[in-house]
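So the chains spell out like this:
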Amino acid sequence: MAERSQTAPEAGNDMGNDDAIGGNVSKYIVLPTGYCGQPKKGHLIFDACFESGNLGRVDHVSEFEYDLFIRPDTCNPRFRVWFNFTVENVKESQVRKIVDTFRAVLRVIFNIVNFSKTKSLYRDGMAPMVKSTSRPKWQRLPPKNVYYYRCPDHRKNYVMSFAFCFDREEDIYQFAYCYPYTYTRFQHYLDSLQKRNMDYFFREQLGQSVQQRQLDLLTITSPDNLREGAERKVVFITGRVHPGETPSSFVCQGIIDFLVSQHPIARVLREYLVFKIAPMLNPDGVYLGNYRCSLMGFDLNRHWLDPSPWAHPTLHGVKQLIIQMYNDPKTSLEFYIDIHAHSTMMNGFMYGNIFEDEERFQRQAIFPKLLCQNAEDFSYLHRTPDSVPSLVWVMKIESSTSFNRDAVKAGTGRRFLGGLLDHTSYCYTLEVSFYSYIVSGTTAAVPYTEEAYMKLGRNVARTFLDYYRLNSMVEKVAIPMPRLRATEERSSGGEPPSCLRTWSEPEALGTSMTTGCEPASIGTVTSHGIWNVLALPYLLDSSPTPSVVHPT
């Protein structure tokens, strides 16, 4: 028997509560109220029973309008933001109807009626992502067809409505909040890196999630840095503690791709630093299609103070490793960067900590300032355009790097580790917008693409070269010849494969990313090779220190 659509609940009826949504729809055929008989073409079929899918319920309003309900995070009804679902079985009358040679009518309206956030970039031009079987590349819908508003008909929840024109009856269409990045995609990516047998790339399983998914830990460095007794400078990077923040995975992949490349800067960084990367701290939440929480409903980024080995096993494993490194006299844990995505701000930016020691506080500002020089989409100082169209006046919340000690953030990785580690360590949250960035001197929002997110990751990696003032070493790097692991060298008679015997610098990484000055020409360097904060007027005094704020 065909499934029936649910009718809109009456006021006061508990059936209208989000608590009644227990799982994702699975090939759900939406029939008009009162319809009897077999489903026909045009009775849309919705599905979210796939990896990272999320759609909990569909109500039929008319043939050309549907109310959609996001499934709340598992075991936590508070969070309803991420959606990812497919639509199929459209019919000709729902497909684009040509009015004249130049215009077409958008036929179907979807209302996502139970968002948990009051603020959203949907008010500022953001639009859902869409792809189809005939056009498999993700694209943003036109912003003019998207509306975000508070609706009295849905318990005053916030609603995002978008109009969409189906153009092919046989296609399956997929809609998502942002570019999906699944656990399976991540595993395939790591498998492909591992098969390259690079002697400076190491992958290990640090632990498992509650549902027994892998917690991968990557180490990228020269093998010489891992020999017993060697002193190490460590940069620790984590991502996807909040599973719906998919841009963090693209940024993290950009960092990894650059560090394992044969770019001269990457080679210098591998010789000088040890990069420890845990790219997916919440693999269960990612797989399940949650926005913020783990399988058991925990916001893992509020449990760093005392993670449980059974309830928060991935967080517990990472914390234990960091403490172990901290207690190793041969290891200097110099940076911790946790990568996130932001649903109400533009650009990339950082959150840092507040310290009583003024010099430490000022020294913490150096890395974000250098990153701002390298990445056009990264915001260090708050920028308010002199003249902005009424449509984009809210870009005044474009974002800026800020430092805070908000009590609400006490359980985050940045706050906890900032209090645990000594004065030589710096902990940041790197945020990147779900939607767009604004280039300095302009007012136009540039929507992020997958490649733009990865480019930010590459620029984060490159900034360590400037921070440690290793630019002169790049000039000494000869044309690289990748070294292979011993097993591959034996199988090839000691000769590298022909595909690795020549090299040219990738165009996207070939030009200097610093602008306006040569890093080697400013400031002085301590015996440890890092910036002397007292000799950096260009970095510290030419512009005011970011305001101390409590970000929402």
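Residues numbered from 1 in each chain as written. Predicted model: local features only at pLDDT ≥ 70, side-chain atom pairs only at ≥ 80, totals over all residues. Heavy atoms only, no water.

Caption draft 1: Structural context of the confidence of the model for the protein. With 77% of its residues at a pLDDT of 70 or more, the protein shows a mean pLDDT of 82. Overall, residues 99-104 carries pLDDT values under 50, and its contacts beyond four positions in sequence, including any with other chains, amount to six contacts. Here residues 382-398 scores under 50 on pLDDT; set against residues more than four positions off or in separate chains, the count is 32 contacts. (pLDDT = per-residue confidence, 0-100. Contact = heavy atoms within 4.5 Å.)

Caption draft 2: Geometry of helix H1 (residues 183-194). With twelve residues, H1 should reach 16 Å at 1.5 Å per residue; the first-to-last C-alpha distance of 16 Å fits that figure. Listed as buried for H1 are Tyr183, Phe186, Gln187, Tyr189, Leu190 and Leu193. What you see down the axis of H1 is that its buried residues fit within an arc of 160°, all on one side. In the core, the buried residues of H1 are packed alongside strand S14 (201-208), strand S15 (214-220), helix H2 (247-259) and helix H4 (283-288). (Helix = DSSP H or I, 4+ residues; strand = E, 2+ residues; numbered from the N terminus. Expected span 1.5 Å × (residues − 1). Buried < 20%, exposed > 50% of the residue type's maximum accessible area, 1.4 Å probe, protein only. Arc of directions from axis to C-beta.)

Caption draft 3: Representation of helix H5 (residues 313-326) within the structure. Look at H5: 20 Å from first C-alpha to last across 14 residues, which is about the 20 Å you get at 1.5 Å a residue. Among the residues of H5, those classed as buried are Pro313, Thr314, Leu315, Gly317, Val318, Lys319, Leu321, Ile322 and Met325.

Caption draft 4: Highlighting empty space enclosed by the protein. Taken as a whole and judged by the stated rule, the model has three cavities of 30 Å³ or more. A volume near 80 Å³ is recorded for the largest cavity. Of all the elements in the fold, those that place two or more residues in the lining of the largest cavity are H4 and H5. Residue composition of the lining of the largest cavity, by class: eight nonpolar, five polar and one charged. Volume-wise, the second largest cavity comes out at about 40 Å³. If you trace the second largest cavity, you find it lined by Tyr181, Phe186, Tyr189, Ser249, Cys252, Gln253, Ile256, Pro279 and Met280. Taken together, the elements giving at least two residues each to the lining of the second largest cavity come down to H1 and H2. Ranked by residue count, the leading element in the lining of the second largest cavity is H2, at four residues. (1 Å grid on protein atoms, 1.4 Å probe; cavity = no way out; pocket = protein on both sides within 12 Å on 5 of 7 lines; lining within 4 Å. Points joined across faces, edges and corners; volume = space filled by probe spheres on them. Nonpolar A, V, L, I, M, F, W, Y, C, P; charged D, E, K, R; others polar.)

Caption draft 5: Representation of the environment of Phe378 within the structure. Within the secondary structure, Phe378 sits in the loop between helix H7 (366-374) and strand S20 (402-403). Residue classification places Phe378 among the buried positions, given a relative accessible area of 1%. Sequence separation between Phe378 and Asn347 is 31 residues, and the spatial gap between their C-alpha atoms is 5.7 Å.

Caption draft 6: Focus on the packing of H2 against helix H9 (residues 450-467). Two numbers describe how H2 lies on H9: the axes approach to 7 Å, and their chain directions differ by 50°. Taken together, the axes of H2 and H9 are oblique relative to one another. Along this stretch, H2 crosses H9, giving a crossing that reads as right-handed. Where H2 approaches H9, its residues Pro247, Phe250, Val251, Gln253, Gly254, Ile255, Asp257, Phe258 and Leu259 are matched on the opposing element by Glu450, Tyr453, Met454, Leu456, Gly457, Arg458, Val460, Ala461 and Arg462. Looking at the contact of H2 with H9, its residues break down into eleven nonpolar, three polar and four charged. (Axes fitted to C-alpha atoms, helices over the stretch in contact; angles between N-to-C directions. Parallel < 35°, antiparallel > 145°, perpendicular 65-115°, else oblique. Left-handed = near helix turned anticlockwise from the far one by under 90°.)

Caption draft 7: Inspection of the packing of aromatic side chains at higher detail. Counting across every chain of the model gives 44 aromatic pairs. Centre to centre, the rings of Phe110 and Phe166 are 6.2 Å apart; their planes meet at 90°, and the pair counts as edge-to-face. With Phe110 in strand S8 (residues 108-115) and Phe166 in the loop between strand S12 (157-164) and strand S13 (173-176), this pair connects stretches of sequence that are 56 residues apart. Classification of Phe166 by relative accessible area gives buried; the value is 0%. Here Arg57 stacks its cationic end above the ring of Phe69, 4.0 Å away from the centre of that ring. Directly above the aromatic system of Phe355 lies the positively charged group of Arg360, at a separation of 3.8 Å from the ring centroid. (Phe/Tyr/Trp six-rings, centres within 6.5 Å; stacked < 30°, edge-to-face > 60°. Lys NZ or Arg CZ within 6 Å of the ring centre and 35° of its normal.)

Caption draft 8: Fine view of the pairing of S13. Along S13, one buried face is formed by Tyr173 and Phe175 and the opposite face, lined by Gln174 and Ala176, is buried too. The pairing of strand S5 (residues 84-88) with S13 spans four bridges and is antiparallel. Counted as the bridge partner of Thr86 is Gln174 from S13. When strand S9 (residues 129-132) meets S13, the two strands line up antiparallel, connected through four bridges. In the sheet register, Lys131 faces S13, and the bridge partner there is Gln174. (Pairing = 2+ DSSP bridges.)

Caption draft 9: Spatial organisation of the pattern of salt bridges. Under the criterion given, the structure shown has 13 salt bridges. A salt bridge links Arg135 to Asp167; the nearest nitrogen and oxygen atoms lie 2.5 Å apart. A residue pair is termed long-range when its members are at least 10 positions apart, and Arg135 in the loop between S9 and strand S10 (139-140) and Asp167 in the loop between S12 and S13 qualify at 32 residues. Assessed through its relative accessible area of 33%, Arg135 is described here as partly exposed. The exposure class assigned to Asp167 is partly exposed, which follows from its relative accessible area of 22%. Notably, a salt bridge pairs Asp299 with Arg292, separated by 2.9 Å at the nearest N-O pair. A relative accessible area of 16% places Arg292 in the buried class. Bridged by salt links that share partners, the residues Asp191, Arg203 and Asp216 form one connected network. (Salt bridge = Lys/Arg side-chain N within 4 Å of Asp/Glu carboxyl O.)

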